[in-house]
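Coordinate analysis (summary)
One letter stands for each residue in the lines below.
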Amino acid sequence: MTKEAPQVSKRPFVASVLSAFLPGAGQIYAERTPRGLCVMVSTIALTPVYVGLGIWAWQVFDAAACARDRAAHEAMET
């Protein structure tokens, strides 16, 4: 008869903190390694897309703000 290793409970707070700093690390900590690796790979693959979309959205609004500022500046000159 073999002895089973004692069950070590995982703390949800620790898993959350790990995932906040490194997506997927909390899942790996909770012994869901395949899920954690999928989260890590997905985050690495999609981060450039989200950053690119964020920059694109910012520049659209910034262009409008620049035009408003220029119009206001021209109005003060006349």
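Summarised in this report is the structure supplied together with it. All values reported here derive from a predicted model rather than from experimental measurement. (Residues numbered from 1 in each chain as written. Predicted model: local features only at pLDDT ≥ 70, side-chain atom pairs only at ≥ 80, totals over all residues. Heavy atoms only, no water.)

1. Overview of unusual backbone geometry
Quick reminder of the rule: Here a helix means four or more residues in a row that DSSP labels H or I, a strand means two or more in a row labelled E, and each is numbered from the N terminus. Exposure classes here rest on a 1.4 Å probe applied to the protein chains alone. A residue is buried below 20% of its type maximum, exposed above 50%, and partly exposed in between.
Non-glycine residue Glu31 carries a positive phi angle of around 65°. Counting through the fold element by element, Glu31 comes out in the loop between α2 (25-29) and α3 (33-77). On the basis of relative accessibility, which here comes to 60%, the residue Glu31 falls in the exposed class.

2. A look at the pattern of salt bridges
Under the convention used in this document: What makes a salt bridge here is a side-chain nitrogen of Lys or Arg within 4 Å of a carboxyl oxygen of Asp or Glu, nothing more.
Tallied over the entire structure, the rule returns 2 salt bridges. Lys10 serves as the salt-bridge partner of Glu31, at 3.7 Å between the closest nitrogen and oxygen. Highlighted residues: Glu31 in the loop between α2 and α3 and Lys10 in the segment before α1 (12-21), separated in sequence by 21 residues. Owing to a relative accessible area of 33%, Lys10 belongs among the partly exposed residues under this scheme. A salt bridge links Arg70 to Glu74; the nearest nitrogen and oxygen atoms lie 3.2 Å apart. Of this pair, Arg70 and Glu74 both sit in helix α3, 4 residues apart, which is roughly one turn of the helix.

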